[in-house]
Amino acid sequence: AAKAKEVQDLLSQIETERDEARRVQEGLEAEIKDVMRQLEFARMEHEDERQVLMDFVYSVRRDAAAEKDRLTIHFESLLEEARQKVEELQAQLKDWEEQIRNLEEVKSQLHEEIRGLQAAMMKIH
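Counting restarts for each chain, with residues numbered from 1 along the sequence as it is written. The predicted nature of this model means local features are confined to residues of pLDDT at least 70 and side-chain atom pairs, given and counted, to a pLDDT of 80 or more, with totals for whole chains, interfaces and linings taken over all residues. The basis for the side-chain values is all heavy atoms of the structure; hydrogens and waters are excluded.

Digging into the overall build of the protein chain
Phase 1 of the analysis: A run of H or I in DSSP becomes a helix once it reaches four residues, and a run of E becomes a strand once it reaches two; helices and strands are each numbered from the N terminus. Helices and strands together make up the secondary structure of the protein chain, namely two helices and zero strands.
Phase 2 of the analysis: Taken over the C-alpha trace, the protein chain has a radius of gyration of 32 Å; the compact-globule value for 125 residues is 14 Å, which it surpasses by more than 25%.
Phase 3 of the analysis: Along the first, second and third principal axes, the C-alpha atoms of the protein chain reach 115 × 15 × 15 Å.
Phase 4 of the analysis: Buried residues are those whose accessible area, probed at 1.4 Å on protein chains only, stays under 20% of the maximum for their type, while exposed residues exceed 50% and partly exposed ones sit between those limits. Split into buried and exposed, the 125 residues of the protein chain put 14% on the buried side.
Phase 5 of the analysis: Surface accessibility of the protein chain: about 10200 Å² in total, with carbon and sulfur atoms responsible for 55%. Radius of gyration: over C-alpha atoms. The globule rule applied is 2.2 Å multiplied by the number of residues raised to the 0.38 power. Accessible surface area values rest on a Shrake-Rupley calculation with a 1.4 Å probe, where residue burial reflects the displayed protein chains alone.

Description of the side chain of Glu-17
Phase 1 of the analysis: Tracing the backbone through its elements, the reader meets Glu-17 in helix H1 (residues 2-45).
Phase 2 of the analysis: As a buried residue without a salt bridge, Glu-17 has its nearest oppositely charged side chain in Arg-70, at a separation of 6.0 Å.
Phase 3 of the analysis: Residue contacts for Glu-17: discarding those within four places in its chain leaves His-74, Phe-75 and Leu-78. Neither His nor the chain ends contribute to the count of charged residues, in which Lys and Arg are positive and Asp and Glu negative. Salt-bridge detection follows one rule: a side-chain nitrogen of Lys or Arg within 4 Å of a carboxyl oxygen of Asp or Glu. In what follows, residue pairs with any heavy atoms lying within 4.5 Å of each other are defined as contacts.

As for the pattern of salt bridges
Phase 1 of the analysis: A complete count under the given rule lists ten salt bridges for this structure.
Phase 2 of the analysis: The closest approach of N and O atoms between Glu-15 and Arg-18, which form a salt bridge, is 3.6 Å. Residue Glu-15 and its partner Arg-18 are both found in helix H1; the two are separated by three residues, about one turn of the helix.
Phase 3 of the analysis: You can call Glu-15 partly exposed: its relative accessible area is 38%.
Phase 4 of the analysis: Between Arg-101 and Glu-98 there is a salt bridge; the shortest N-O distance is 2.8 Å. In this pair, Arg-101 and Glu-98 are both assigned in helix H2 (residues 47-124), three residues apart and thus about one turn of the helix distant.
Phase 5 of the analysis: Residue Glu-98 is classed as partly exposed on the basis of its relative accessible area, which comes to 37%.

A word on the environment of Gln-118
Phase 1 of the analysis: Positionally, Gln-118 belongs in helix H2.
Phase 2 of the analysis: Put simply, Gln-118 and Lys-94 are 24 residues apart on the chain and 36 Å apart in space, counted from C-alpha to C-alpha.

Taken by themselves, the reported measurements are silent on function.
Written out as C-alpha cells, the structure reads:
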C-alpha cells in the first residue's frame, strides 16, 4: 500500500509539473507573441530597437527551449521511477499471490488432517 501511495504521489507530481510546464510554456508563448508585435512596431520606427527586440526574442526562445528540455528530462526520469515502482509492486503482488496459494494449500491439508483425527477419535470412542 505504501509503494502504491509512492507511485500515486509520483504520478501526481508528474501531472503537477506537467501542468506547471504547460503554464510556463503558455506564458512564454504569450511573451513571444507580445514581443513580435512590439518588434513589428519597432521595425517601422527604428532599426536599432528592432535588433534589440530580436535579440530578446532569441533569448526568450532559447530559454524556453532549455526549460522544455530540462522539464522533458525531469518528466522522463519521473516516469522511469514510476515504471520501476510499478514493476516492484507487480513483483510484490505476485509474491503475495503465491504466498496466499501456499497458505490455502496448507489450510486444505490441515482440514484433511483434522477430519482424519476426528474420524480416529470417533473410532476410539
